[in-house]
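Geometric and topological summary
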Amino acid sequence: MAAAMASQGERAVLEEEFKWLLQEEVHAVLRQLQDILKEASYRFALPTSGSGGAFKQENFVLSTSSTDQVKGVMTLQGDALCQADVNLKMPRNNQLLHFAFREDKQWKLQQIQDARNHVNQAIYLLMNRDVNYQFKTGLEVLKLMDAVMLQLSRARNRLTTPATLTLPEIASSGLTKMFTPALPPDILVNFYINLNKLCLTVYQLHVLQPSTTKNFKPAGGSVLHNPGAAFEFGSQRYEVSHVHKVECVVPWLNDALVFFTVSLQLCQQLKDKISVFSSYWNYRPY
């Protein structure tokens, strides 16, 4: 009898704790998540003061300490590269080539645009309730956290996982038509985001003669192709002879990745607290 009453008392305490969690702590966590993700969203926008929300332009020098074969100076404005100057020293004769974006061209970095859209979708999910809304079940909270975590994971993955492209896809990209003077047929370039870095890869090619006895096997999709990778474009076969990758850190991308990690941890912690209640005496809050 006493044990049964004690059990009922413990259950009553548990139910009160769970009620407080749904009514108070969940909302506190949601507000915290909104604040963090608004900061993340602001990093992607980077509006300049007094400019009507226009994106600030930032200049970056892309280079490596190990070689001076390639150097790039890029101007990033939000999710667009609006200026790019590339110097390439040819290894055969040390000839210096210079290419720059045409003045009427800019290159959208789809990874940044997609990541920002996923962040804004997560914010919408968190705010899509009246301020006085009360959660009634643990399942409702778990579903919301899962939906928010899905958007945050997609945002993070867009920055941490560059697209895999075949060499013909790079060759036919609109990026190749943006430079003045025009890129020679034996040069390919690609820009992408990898974690918190803006990366530029330059591929130098040589033509494979029709009479060559070398076994031709086209390379598949990859983030970075290695020397020796072969492909066919138009009526010509090429092989990659040299690869140059230069990069630089974009500080606000690093901030955004930190915000994603902290937000995902908060979501998981709230999910864990909800789940604890289901482990006591088969207690099912949902």
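Residues numbered from 1 in each chain as written. Predicted model: local features only at pLDDT ≥ 70, side-chain atom pairs only at ≥ 80, totals over all residues. Heavy atoms only, no water.

If you look the chain up in an unreviewed UniProt entry, it shows as Protein rogdi homolog from Sylvia borin. According to the UniProt record, the Sequence similarities (unreviewed entry) comment for the chain is "Belongs to the rogdi family." Under Subcellular location (unreviewed entry), UniProt gives the following word-for-word description of the chain: "Cytoplasmic vesicle, Secretory vesicle, Synaptic vesicle". (UniProt positions renumbered as here; feature names shortened; annotations may be inferred.)

Looking now at the overall build of the chain. A tally of helices and strands in the chain yields five helices and 10 strands. Within the span of the chain, comprising 286 residues, buried residues form 42% of the whole. The long-range fraction of contacts in the chain, counting pairs at least 24 apart against all pairs at least 6 apart in sequence, stands at 66%. Carbon and sulfur atoms provide 51% of the accessible area of the chain, an area that totals close to 15100 Å². (Helix = DSSP H or I, 4+ residues; strand = E, 2+ residues; numbered from the N terminus. Buried < 20%, exposed > 50% of the residue type's maximum accessible area, 1.4 Å probe, protein only. Contact = heavy atoms within 4.5 Å. Areas by Shrake-Rupley, 256 points an atom, 1.4 Å probe, with all protein chains shown as cover.)

What follows covers the environment of arginine 129. Here arginine 129 lies in the loop between helix H2 (110–127) and helix H3 (138–160). On the accessibility criterion, arginine 129 (30% relative accessible area) is partly exposed. Beyond its immediate stretch of four places on either side in the chain, arginine 129 contacts Phe135 and Leu144. Only 3.3 Å separates the side chain of arginine 129 from the backbone oxygen of leucine 125, close enough to count as a polar contact. (Polar contact = N/O pair within 3.5 Å; in protein donor to acceptor, adjacent residues only side chain to side chain.)

So, on to the packing of aromatic side chains. Using the criterion set out here, one finds six aromatic pairs in the structure. Taking the centre distance of 5.6 Å and the plane angle of 75 degrees together, the rings of phenylalanine 44 and tryptophan 252 count as edge-to-face. Here the residue phenylalanine 44 occupies a position in helix H1 (residues 2–45), and tryptophan 252 occupies one in helix H5 (residues 251–278), the gap between them amounting to 208 residues. Pair check on accessibility: phenylalanine 44 and tryptophan 252 agree, each one buried. With 6.3 Å between their ring centres and 20 degrees between their planes, phenylalanine 44 and phenylalanine 260 make a pair best called stacked. (Phe/Tyr/Trp six-rings, centres within 6.5 Å; stacked < 30°, edge-to-face > 60°.)

Once that is clear, we can look at the pattern of salt bridges. All told, the structure shown has 11 salt bridges when counted by the stated rule. With its nearest N and O atoms 3.1 Å apart, the salt bridge here joins arginine 43 to aspartate 255. A residue pair is termed long-range when its members are at least 10 positions apart, and arginine 43 in helix H1 and aspartate 255 in helix H5 qualify at 212 residues. Owing to a relative accessible area of 18%, arginine 43 belongs among the buried residues under this scheme. Between lysine 108 and aspartate 79 there is a salt bridge whose closest N-O contact spans 3.0 Å. With lysine 108 in strand E5 (residues 107–108) and aspartate 79 in the loop between strand E2 (70–77) and strand E3 (80–89), this pair connects stretches of sequence that are 29 residues apart. (Salt bridge = Lys/Arg side-chain N within 4 Å of Asp/Glu carboxyl O.)

Turning our attention to the nonpolar core. In a soluble, globular protein the nonpolar side chains are often hidden away together inside. Core analysis: the largest hydrophobic core is formed by 69 residues, its most contacted members being Phe44, Phe191, Leu200 and Phe260. Dropping the residues within four chain positions of it, leucine 200 is found in contact with Leu62, Val70, Met74, Val86, Val189, Asn190, Phe191, His244, Lys245 and Val246. (Core = buried A, V, L, I, M, F, W, Y, C linked by side-chain atoms within 4.5 Å.)

Following threonine 180, the chain continues to proline 181 via a peptide bond in cis, the omega torsion being -5 degrees. Within the secondary structure layout, proline 181 lies in the loop between strand E6 (179–180) and strand E7 (187–194).

In this fold, glutamine 204 is placed in strand E8 (residues 197–208). Judged by relative accessible area, which is 1%, glutamine 204 ranks as buried. A distance of 2.7 Å separates a polar atom in the side chain of glutamine 204 from a polar atom in the side chain of histidine 244. Residues contacting glutamine 204, with those up to four places away along its chain left out, are Leu88, Met90, Pro91, Asp186, Ile187, Glu239, Val240, Ser241, His242 and His244.

Pairing of E8 with strand E10 (residues 236–249), which is carried by 12 bridges, proceeds in the antiparallel orientation. When the bridges of E10 are listed, valine 202 appears paired with histidine 244. Here strand E9 (residues 230–233) runs beside E10; their pairing, made up of four bridges, is antiparallel. Counterpart to glutamate 232 in the pairing with E10 is arginine 237. Hairpin geometry of E9 and E10 is characterised by an intervening segment of two residues between the two adjacent antiparallel strands and by a positive phi of about 70 degrees at glycine 234. (Pairing = 2+ DSSP bridges.)

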